[in-house]
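Report on the structure
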Protein chains: 2
Amino acid sequence: MIKTPYLLFLGDAPDQLAAKVAQGIKDWRPDNAVGQYRMEGCGADLKLGDMTLEEGLEAGAKTLVIGVANRGGIISKAWKEVLLAALEAGYDLASGLHNLLEDEPELVAAAEKYGREMHDVRVASVEYPIANGEKRTGKRVLAVGTDCSVGKMYTALALDEAMRAKGMKSTFRATGQTGILITGEGVPLDAVVADFMAGSIEYLSPDNDADHWDVIEGQGSLFHVSYSGVTLALIHGGQPDALIVCHEPTRKHMRGLPSYTPPSIGQVSELALAMAKVANATCKVVGISVNTQHMPDAEARAYLAELEAEYGMPAVDPFRHGAERLADALAAL
Amino acid sequence: MIKTPYLLFLGDAPDQLAAKVAQGIKDWRPDNAVGQYRMEGCGADLKLGDMTLEEGLEAGAKTLVIGVANRGGIISKAWKEVLLAALEAGYDLASGLHNLLEDEPELVAAAEKYGREMHDVRVASVEYPIANGEKRTGKRVLAVGTDCSVGKMYTALALDEAMRAKGMKSTFRATGQTGILITGEGVPLDAVVADFMAGSIEYLSPDNDADHWDVIEGQGSLFHVSYSGVTLALIHGGQPDALIVCHEPTRKHMRGLPSYTPPSIGQVSELALAMAKVANATCKVVGISVNTQHMPDAEARAYLAELEAEYGMPAVDPFRHGAERLADALAAL
C-alpha cells in the first residue's frame, strides 16, 4: 500500500486535463492531498496551494505522487531532478506513468540509498487469465464515454458513493492509474498485454452476491481510435448489466485527434449496447452522465433536461448535482 | 531472420486447429517445411511425414519451429526435453508462444552452450507509438471474422497472392505469430500492451503509393469476448478502405466459449463497418471469405452462391477456389 498523505506533483502539465490523476485524488480523497508541487510552465492548478518539497513534508506528506498523465512520453531531466530531491528529502514516490520509476537507474539507486519505496501503479502485478466469457453472479455497471477524459471515473466514483449512501452493496473497480491510486487496488488496463485485457476485467469483477454491484471504471471510447480496443475489452470482460453513457458537450474534437468529431450520446449508446449484448443479452443503457464544468449552472440544467426528454432516461452531472438519480435507475433494474 | 527450412514441432497438440501455426507455414511456404515432429498423443497431422530430429537435420532443416498455439499455457517438461535435444542436435528454435524461450533458463543455457539462436516472434521488438488516427496514403484491406480461427490469415495471404498475380501493388502485413514466421516480419499484436495496439497497426501499414494495398491480417472477432479489443484496435489502427468478412459455417459455438453462438456474416459486416467508419468514412465491405473445409465441394459452392445472392458481393473460399474474385472486387473500388 502507498503511504498517505500525498504531495501531488503536477510537473509542467500543459493543461488541466493533463493533471486529471492529481485532480481525482484531490476530489475523492481530499484528506490524502496536502498540497501541489508545480514546475515552471505548469498549466494546471488544483487550487490546493503550492508547496515546496520541504513544506510538503512539514504538512505531513509521505509520498510524492506524480499526478500528471503523459501521452506515451518520457520522464524528463527536469522531472527527474525533482524526484531525486524528493527521495533524498524523505518521500516515497508513486506513479501511474507508462515510463516506470523502476526503469530509471538513478531513481532506483536513490530509493535504495535513502530507503524509500517507489510504486509504479500502472504495472500489472498479476498474471491475468484469458477471458472465458462465463456468466458471473452479481451485477455490474460500466461507464462508457463519447471520448476520453469526459468524466467516466468521476461518474463511477460518484455512483458508487451514491449507491452505498442508499444502502446498496457496491464496489468501485479501478481500471486506471488514478483509480488505483485512490483505492489502492485495481487493474492497470492500458498496460495489460492485449490478449489478457478482457480476462483482467473478469478477474477484477468476480462472482459476488446477487444484489452486489461492481461499478467498473471506464477507459477510452469506442469512438477514440487510439484506445477503442481497451474500451471494447472492458465491455466484454465486464459483461455489464447496465451502461452509463458519459459525455462532455463542449468538446470540439476527440481528445488528441484534431480531425475526429466526437459522436453523439445516441451513437455511443447504440454501438456500446450492441457490443455489450454480445456478452450480456440483458444489458441496458440506464442513464447519461454529463461533465458540465464548462457550462453555467442554468445552461447545464437546461441541457440535462433536454437530454432526459430526448433519451428517456436520467441525465445528470454527478460531480455537480450528485449521482443519486443514476443510483435510483440501477436500484430500479 | 530465422534460418530456413524448418522442422515443424507439433508437440501434443489436442487437435488440428491447435496446429494452425505449422499448417500456415506448410501451406504458404511449403519449401520451408521439410517435415513434422509429433509427440505421443498429438491430435494434429500436417500430412508432411513424421521425422525424428536426426531425420529433419538430414533433410536440411535448420530451425525447429514450434507450430502449436497454446491458450496462455506453459512450456511443458515433455516439450522442453525435445527442445533441449533439438538445440543439442543442431537446431535453432523459433516460437510464437506467449511463454518465451528466452524465459526458460535451461533453454537459454543450452542455446549458449551449443551456439544456437532462439527466436520469440511474439515479442514486440519495437516501441510502438500511440495511434494518432491521421489519414495515411495508399489503400488498406482488413479481414474480419465471425470467430477466431476461421481463416482470416489464409484469406489475407491468398488475397495478397491474387492481387500480385493481377499486377496490383500489394503487401501482406502479418499481425500474428504464424504470419510473422511466414513473412519474417510484422507486429505480434496479441502481445502488444493495450495502449499501443492501434499505434502498432499504424506503424505496420504506413504511408504508401496511392495504388498500393496493404493486406492486413485480422485477429480475433468483434464477437469473441476474449479477444474483441484486439480486433477493434486492428480496425481503428488499420483504418481500412475495405473489409472482407471471414466465416466458418460449421462452427457450433465461438472458439473456446461453449455458451456463445457465432454471429451471422451480416451481423459482423454491420458492426465491423460501423466501427471502421469511425476511422475511415468511405470504408466498404467488399467480399465474403468462407472456410468450407468441412463441406463437400458441391455443398460449398451452393452455400457460396447463396451468400452472394443474400449479400450482393463475391463470396469465395480462397484456399479452395482462389482469391481472384476478391482481388477483382478491390481492383474495382
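Keep in mind it's a predicted model, so treat the numbers as computed, not measured.

**Let's talk about the environment of Glu 102 of chain B**
Looking at the secondary structure, you find Glu 102 of chain B in the loop between β4 (92-95) and α4 (105-114). In contact with Glu 102 of chain B, other than residues within four places in its own chain, are Val 108, Met 118 and Asp 120 of chain B.

**Digging into the sheet that holds strand β6 (residues 139-145) of chain B**
All names here are of chain B. The strand order across the open sheet built from six strands is β7-β8-β6-β9-β10-β11, with neighbouring strands paired in parallel fashion. In this open sheet, the two edge strands, each paired with only one partner strand, are β7 (169-173) and β11 (315-316). Pairing analysis gives four bridges linking β6 to strand β8 (residues 212-216), with the strands arranged parallel. Pairing of Arg 140 across the sheet is with Asp 214, part of β8. Packing against the sheet, helix α10 (residues 297-311) makes contact with β9 (242-247), β10 (284-290) and β11, and its axis sits at approximately 165 degrees to β10.

**Points about the packing of aromatic side chains**
Residues and elements named next belong to chain A. The tally for this structure, following the rule as stated, stands at ten aromatic pairs over all chains. Arranged with centres 5.4 Å apart and planes meeting at 75 degrees, the rings of Tyr 128 and Tyr 203 form a pair that is edge-to-face. Taken together, the residues Tyr 128 in the loop between β5 (118-120) and β6 (139-145) and Tyr 203 in helix α7 (residues 197-204) connect sequence positions 75 residues apart. Owing to a relative accessible area of 8%, Tyr 128 belongs among the buried residues under this scheme.

**Here we look at the pairing of β6 of chain A**
Residues and elements named next belong to chain A. Within β6, six of the seven residues are buried, leaving the element largely enclosed by the surrounding structure. Alignment of β6 against strand β9 (residues 242-247), held across five bridges, turns out to be parallel. By the bridge assignment, Leu 142 is partnered in β9 with Leu 243.

**A closer look at the sheet that holds strand β2 (residues 33-38) of chain A**
Neighbouring strands of a sheet are bound in pairs by backbone hydrogen bonds; such pairs are parallel or else antiparallel. All names here are of chain A. With respect to topology, five strands assemble into an open sheet ordered β2-β1-β3-β4-β5, the strand pairing being parallel. Strands with a single pairing partner mark the edges of an open sheet, and in this sheet they are β2 and β5. On average, adjacent strands in this sheet sit at an angle of 20 degrees to one another, irrespective of strand direction. Two strands pair when backbone bridges link them, and strand β3 (residues 63-66) and strand β4 (residues 92-95) are joined in this way by four bridges, in the parallel orientation.

About the cut-offs
- Residues numbered from 1 in each chain as written.
- Chains lettered and ligands numbered in written order.
- Predicted model: local features only at pLDDT ≥ 70, side-chain atom pairs only at ≥ 80, totals over all residues.
- Heavy atoms only, no water.
- Helix = DSSP H or I, 4+ residues; strand = E, 2+ residues; numbered from the N terminus.
- Contact = heavy atoms within 4.5 Å.
- Pairing = 2+ DSSP bridges.
- Axes fitted to C-alpha atoms, helices over the stretch in contact; angles between N-to-C directions.
- Phe/Tyr/Trp six-rings, centres within 6.5 Å; stacked < 30°, edge-to-face > 60°.
- Buried < 20%, exposed > 50% of the residue type's maximum accessible area, 1.4 Å probe, protein only.

From the geometry alone we can't say anything about function, so treat these as descriptive.
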